Amino acid sequence: MSTPVRTRFAPSPTGHLHVGSARTALYNWLHARHTGGTFVLRVEDTDAARNTEASRDAILSGLEWLGMDWDEGPVAGGNYGPYFQSERKEVYDRYLAQLEASGRVYEDEDGALRFRVPDQAITVDDLVCGTQTINLKKQGSTRWDAELKKDVPSNPDLVIRRADGSYIFHFVNVVDDIDMKITHVIRGEDHLSNTPKHVALYEALAAPLPTFSHIPLNLNADGSKMSKRDQGASITDYIEQGFLPSAVCNYIALLGWSPKDDEEIFSPEELVKRFELTGINRSNSRFDFKKCLWLNSEHLRRLDAQSLLEKSQSFLKDQNIPLDDPRLPAALQLVRERAETLTQIPTGIAAIFSDTVEIEADVLGKISGKENIAGLLQGLHGAFAASEDEWTADNIKALIVVSAEKLDVKMGALMLPCRIAATGKSGGPDLIPLLELIGRERVIDRIAALIKVLPE
RNA sequence: GACCCGUUCGUCUAACGGUUAGGACACCGGGUUUUCAUCCCGGCAAUAGGGGUUCGAUUCCCCUACGGGUCGCCA
């Protein structure tokens, strides 16, 4: 019988939730959910100078938005708390005492406590990167000085506690993983080279090693390192730009992991079902914003009507579209087919709900030069105004067809001018049902208005 | 500089040592449609380079190049 899986995500609250971090969190969450294990959220807030409350809130709400619920951690509680490192000094003192009892801790000349690293090869087994062997004593006895551009002598022994009594990352990270009984450490490849240090600490503390999986890093589209200011680096960007959490999860899951077949559109539930640590690949990947957009549009289409309304709500409100308007459900169905993001939803259907439309100069330019535009619009206006049929999509289409025949043009020639008149835009949802929703009076008025502003 | 990890179409990726090296996004072209779009069809496009091992290498080994990471009393 194997021990139940416990994974963790351990952010330090010094900024927003970065997509790279979100992916690390996702892999941990997916592995826990896939195996029926436990997902722990631990806040590594030992750097008092850089931590902020706002950052902590942003990270937590970002995870919530993405749908990654944690079984243990802030708010959720759990048996291995507290889940803020700033509240765990007592735990660290206890483990320090244990480490001191092993005789491998000493105080250096500056008053810091150091862990004496073993002068022997340490083997790290990594599920993704394979096995590697390093001697920390040899490796750490010199250090690269970036300014001098050369190796300088260095103390290989690891500082674990500063002279002021505060603990260092490597120590608290390992202690917490031991104390919280973490079985799988899934983190960025930037920690791979630190792992021998961690392994040495596990061994000195006589704790069983977790399974390590170091995942490749994400880079910008141009291959450069992703920094906090880069476009699309923060989960907040995706929220504001109208992405669906399921699409963002889907996209970042695929950046460094593959189900090994040709499927690539997955709901969170499907990801949980399909995700395997062994499917993680070894090379860095770059962000492709267009593919992320495409996935978002696919997820948008798969949303049921109720969810679509819920997800769109805040975006509709921003554009003053009334949520209780009886035409809204039909309008949403109409616009979803063509929307890539939620922000495009209100834009696409605004003409239905607003009293007036603005026609941008460049949009007007698309028809103003064409031959007999005013005549075409006159014809259409006349047909719409004269008809006594009910204002339905079918009847509207019939009116356009008849007008086109009378005017001796193809139906398509009427569509763009009509769209511009009715919506002020050159693109958008399927025009005829849109006209139905806008209403006869408004369509007629808007065509008349356009004719007036058309240059002769 | 030392050590570690990596390198398949522009991008994300697939391929028991044997495939015409597959899929997706993007891009280009054609078609359907009432317009833009969707949709359908088609096209473009890759094993970083050089040596081995092997009947046969994208796959295994070595070298080089390139990319990334670590070398903190940041996490």
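Not measured: the values here are computed from a predicted model.

Scoring rules and cut-offs
Residues numbered from 1 in each chain as written. Chains lettered and ligands numbered in written order. Predicted model: local features only at pLDDT ≥ 70, side-chain atom pairs only at ≥ 80, totals over all residues. Heavy atoms only, no water. Helix = DSSP H or I, 4+ residues; strand = E, 2+ residues; numbered from the N terminus. Rg over C-alpha atoms; globule rule 2.2 N^0.38 Å. Buried < 20%, exposed > 50% of the residue type's maximum accessible area, 1.4 Å probe, protein only. Contact = heavy atoms within 4.5 Å. Areas by Shrake-Rupley, 256 points an atom, 1.4 Å probe, with all protein chains shown as cover. Lys, Arg positive; Asp, Glu negative; His and termini not counted. Charge placed at Lys NZ, Arg CZ, Asp CG, Glu CD. Near = heavy atom within 4 Å. Polar contact = N/O pair within 3.5 Å; in protein donor to acceptor, adjacent residues only side chain to side chain. Nonpolar A, V, L, I, M, F, W, Y, C, P; charged D, E, K, R; others polar. Salt bridge = Lys/Arg side-chain N within 4 Å of Asp/Glu carboxyl O. Domains from an automatic or database assignment. Buried area = accessible area lost by both parts, 1.4 Å probe.

> Before we move on, could you go through the overall build of chain A and cite the residues and values that matter?
When its secondary structure is counted, chain A shows 19 helices and 13 strands. Against the globule reference of 23 Å for 456 residues, chain A gives a C-alpha radius of gyration of 30 Å, more extended than a compact globule. In chain A, which comprises 456 residues, the proportion classed as buried is 49%. Counting contacts in chain A only where the partners sit at least 6 residues apart, residues at least 24 apart contribute 71% of the total. Surface summary for chain A: the accessible area is close to 22,200 Å², and the carbon and sulfur share equals 49%. The distance from the centre of the 51 positive side-chain charges to the centre of the 67 negative ones in chain A is 4 Å.

> Describe in detail unusual backbone geometry, supporting the description with residues and values.
With the exception of glycine, the majority of residues adopt a negative phi angle, and the majority of peptide bonds are in the trans configuration. A cis amide bond links Gly-81 with the next residue in sequence, Pro-82, at an omega value of -5°. Non-glycine residue Lys-149 carries a positive phi angle of around 55°. Residue placement: Lys-149 occurs in the loop between β7 (142-145) and β8 (150-153). Here Lys-260, not a glycine, exhibits a phi torsion of approximately 70°, which is positive. Relative to the helices and strands, Lys-260 resides in the loop between α8 (245-254) and α9 (268-274).

> Quick rundown of the protein's contact with RNA strand B? Include the residues and the values.
Among the 57 residues in the neighbourhood of RNA strand B, the closest are listed as Arg-143, Arg-162, Lys-260, Glu-264 and Arg-338. Among the atoms of RNA strand B lying within 4 Å of the protein, the sugar-phosphate backbone contributes 65%. Asn-281 has a polar side-chain atom sitting 3.4 Å from a phosphate oxygen of RNA strand B. For the surface near RNA strand B, the elements supplying multiple residues, two or more each, are β7, α5 (169-179), β13 (285-286), α10 (289-302), α17 (411-423) and α18 (431-438). It is α10 that contributes the most residues to the surface near RNA strand B, four residues altogether. Taken together, the residues of the surface near RNA strand B sort by class into 14 nonpolar, 18 polar and 25 charged.

> Outline the pattern of salt bridges, supporting the account with residue identities and numerical values.
Taken as a whole and assessed by the stated rule, the structure comprises 22 salt bridges. Arg-56 is paired through a salt bridge with Asp-57; the nearest N and O atoms lie 3.5 Å apart. The partner of Arg-274 in a salt bridge is Glu-263, with the nearest N and O atoms 3.4 Å apart. With Arg-274 in helix α9 and Glu-263 in the loop between α8 and α9, this pair connects stretches of sequence that are eleven residues apart. You can call Arg-274 partly exposed: its relative accessible area is 26%. A single network of salt bridges, built from pairs that share partners, joins Arg-8, Arg-42, Glu-44, Arg-88, Glu-90, Arg-94, Asp-176, Asp-177 and Asp-179.

> Which residues make up the domain arrangement of chain A, and what are the values?
Domain boundaries assigned for chain A yield domain 1 (1-72 + 216-302), domain 2 (303-353) and domain 3 (361-453). Relative placement of domain 1 and domain 2: their C-alpha centres are 27 Å apart. With 14 residues of domain 1 in contact, the opposing surface of domain 2 contributes twelve residues. In total, about 1,100 Å² of surface goes out of reach between domain 1 and domain 2, with carbon and sulfur atoms giving 57% of it. When the buried surface of domain 1 facing domain 2 is broken down by residue, Leu-293, Leu-300 and Arg-301 rank first, second and third, together holding 47% of it. In this assembly, domain 1 and domain 2 are joined by zero salt bridges. Counting the contacts that link domain 1 with domain 2 gives eight residue pairs in polar contact (both at pLDDT 80 or more). Elements that contribute at least two residues to the side of domain 1 that touches domain 2 include exactly α7 (235-240) and α10.

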